[in-house]
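So the chains spell out like this:
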Amino acid sequence: MGLSSIAGHEVHVDQEGFMTVYDEWSDELAQKLAANIDLELTERHWEVLRFIRRDFEQQGETPTLRRVSNTGGIPIKELFDLFPKKPAKKMAYIAGLPKPAGCV
Amino acid sequence: MTTTIEAPVPAFDEESTGRKLAIICSKGSLDMAYPGLVLANAALSEGIETHLFFTFWGFDMINKETMGHLQFTPLGNPATHMPPLLMGLPGMTAFATHMMKKQMDGIDVPGIPEFLEMISDSGGHLWACRMSADMMHLEADDLYERVEGIISASDFLELSEGAQTIFV
């Protein structure tokens, strides 16, 4: 879709609104993206976001919930509390990453 | 000068309203245990209310004694693309099971017990079939502790009302 604006910043997003350029993301944008989907970020949310950003950088793909739980150390149950209903997609959205592609 | 438009916001919560899925797991082989579990797990991460009903050989997936030892038999399975005669040789099932587990592990798919735990942690509901329990002389204590209850077919129909039902 190309260039759009989030909180006054020009960023690249796809058709659904997921950011597509890793380095355009910032903490400030994360706050805004979270607010867009009615979430307020706590320290625990930040732990998840930092882990999946780091993991994406290293692995080249957005981690699945299982990976966030097993490798990132945040249990799946808690992920559903932090990002209700659709945790995998919601955390990718706020972290400025593509939706996870894996099935499990 | 051009002005950029505000980025769209994904409609996370609207899509999932009221959607419900019921999956009947009736097979006890390793290869046939996975489809239902993969689907259930995906549904849950989409915010879909999900119920799994284990019946007949599907009971092996929730029986504490067998759930960690499901097997894949290549005998009579055309999907292996191997001569049927060879598949009947002693040790072939153990070998094929070992290979399948290795493949699953290679793509980071968990074994059955861990998969069920993950589904339960994600809010999925596990139910055991009353008739199968009676037939196999099993009680709640014999079953995986996350199973919420042993229920009849009509109980299942009641709780799956309005759900999309899939039989595996």
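This text gives an overview of the structure that appears in the document.

So, how was this worked out
Residues numbered from 1 in each chain as written. Chains lettered and ligands numbered in written order. Predicted model: local features only at pLDDT ≥ 70, side-chain atom pairs only at ≥ 80, totals over all residues. Helix = DSSP H or I, 4+ residues; strand = E, 2+ residues; numbered from the N terminus. Rg over C-alpha atoms; globule rule 2.2 N^0.38 Å. Buried ≥ 20, exposed ≤ 12 C-beta atoms within 10 Å, placed from the backbone. Contact = placed C-beta atoms within 7 Å. Pairing = 2+ DSSP bridges. Axes fitted to C-alpha atoms, helices over the stretch in contact; angles between N-to-C directions. Parallel < 35°, antiparallel > 145°, perpendicular 65-115°, else oblique. Left-handed = near helix turned anticlockwise from the far one by under 90°. Nonpolar A, V, L, I, M, F, W, Y, C, P; charged D, E, K, R; others polar.

Our focus in this paragraph is the overall build of chain B. When helices and strands are tallied, chain B shows seven helices and five strands. The N-to-C order of helical and strand elements in chain B reads α-β-α-β-α-α-α-β-α-β-α-β. Here the C-alpha radius of gyration of chain B, 19 Å, is well above what a compact globule of 168 residues would show, namely 15 Å. Principal-axis analysis of the C-alpha atoms gives chain B an extent of 75 × 45 × 25 Å. Looking at chain B as a whole, 31% of its 168 residues qualify as buried. Partitioning the contacts of chain B with sequence separation of at least 6, the portion at a separation of at least 24 is 72%.

All names here are of chain B. A sheet is described by the order of its strands in space; here five strands give the open sequence β4-β3-β2-β1-β5, paired in parallel fashion. Looking along the sheet, the strands with just one partner apiece sit at the ends: β4 (149-151) and β5 (164-167). The sheet shows a mean angle of 25° between the axes of neighbouring strands, taken without regard to direction. Alignment of strand β1 (residues 20-25) against strand β2 (residues 49-54), held across six bridges, turns out to be parallel. Counted as the bridge partner of A22 is H51 from β2.

On to helix α5 (residues 112-121) of chain B. Count 3.6 residues to each turn of an α-helix, and residues three or four apart come out pointing the same way. For α5 of chain B, every residue scored as buried is listed here: I112, F115, L116, M118, I119 and S120 of chain B. In this fold, the buried residues of α5 of chain B make contact with α3 (65-70) and α4 (76-82) of chain A together with α2 (30-45) and β3 (125-129) of chain B.

Residue and element names in this part refer to chain B. It is the contact of α2 with α5, at a shortest axis distance of 10 Å, that shows an interaxial angle of 25°. With respect to α5, the axis of α2 lies roughly parallel. Relative to α5, the crossing made by α2 is left-handed. Here α2 contributes A33, L37, A40, N41 and L44 to the contact with α5, which in turn contributes I112, F115, M118 and I119.

Looking now at the interface of chain A and chain B. One widely used convention gives an interface's size as the accessible area the parts lose upon coming together. Taken residue by residue, the interface counts 26 residues in chain A and 22 residues in chain B. Broken down by element, the residue count for the side of chain A that touches chain B peaks at five residues, all from helix α5 (residues 87-94) of chain A. Its residues assigned to classes, the side of chain A that touches chain B shows 14 nonpolar, four polar and eight charged.

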